[in-house]
Amino acid sequence: MTEGPACDYPGCGGVGLVISRLSPEGYLVATGKKAYSFREAYRRFHYCADHHEELMSGVWSRVRKPDDKNDGHVAPTAI
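A brief look at the structure comes next. (Residues numbered from 1 in each chain as written. Predicted model: local features only at pLDDT ≥ 70, side-chain atom pairs only at ≥ 80, totals over all residues. Heavy atoms only, no water.)

## A short note on helix α2 (residues 49-64)
Step number 1: Taking 1.5 Å per residue, 16 residues should reach 22 Å; α2 reaches 23 Å between its end C-alpha atoms and fits that length.
Step number 2: Taken together, the buried positions of α2 are H51, H52, L55, V59 and R62. Each buried residue of α2 lies within a common arc of 100° when the element is viewed along its axis, so the set occupies one face. Among the exposed residues of α2, those pointing more than 90 degrees away from its buried face are A49, D50, E53 and R64.
Step number 3: Where α2 is buried, its residues contact β1 (18-20) and β2 (45-47). (Helix = DSSP H or I, 4+ residues; strand = E, 2+ residues; numbered from the N terminus. Expected span 1.5 Å × (residues − 1). Buried < 20%, exposed > 50% of the residue type's maximum accessible area, 1.4 Å probe, protein only. Arc of directions from axis to C-beta. Contact = heavy atoms within 4.5 Å.)

## Overview of the environment of R43
Step number 1: Along the chain, the position of R43 falls in the loop between α1 (38-41) and β2.
Step number 2: Sequence spacing of R43 and T31 is 12 residues, and the spatial spacing of their C-alpha atoms is 5.6 Å.
Step number 3: If we skip the residues at most four places from it in the chain, R43 touches S20, R21, V29 and T31.

## Side note on the side chain of S23
Step number 1: Residue placement: S23 occurs in the loop between β1 and α1.
Step number 2: Classification of S23 by relative accessible area gives buried; the value is 3%.
Step number 3: Once residues within four sequence positions are removed from consideration, S23 is found in contact with V29, F45, Y47 and L55.

## Overview of the side chain of S20
Step number 1: By secondary structure assignment, the location of S20 is in strand β1.
Step number 2: Exposure remark for S20: the relative accessible area of 6% places this residue in the buried category.
Step number 3: At 3.0 Å, the side chain of S20 and the backbone nitrogen of L22 are in polar contact.
Step number 4: With sequence-adjacent residues up to four places away left out, S20 is seen in contact with R43, R44, F45, Y47 and H52. (Polar contact = N/O pair within 3.5 Å; in protein donor to acceptor, adjacent residues only side chain to side chain.)

And the structure:
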């Protein structure tokens, strides 16, 4: 069995080998703390490859939708 951090996707018991700034809801999440760089400014999550791909698919489908631009979340292309 491969060891590593657990996947942060709810209900997944897999190993989270992919490090991402996307929350399980598919949004970039700031820590709220004073940070000096992008690396420090956003929380990091670990996902298995399948769940990371699923989250990324959701992000890009929202970015392409013209009617979903006022939800208050930062688009991944804005960073």
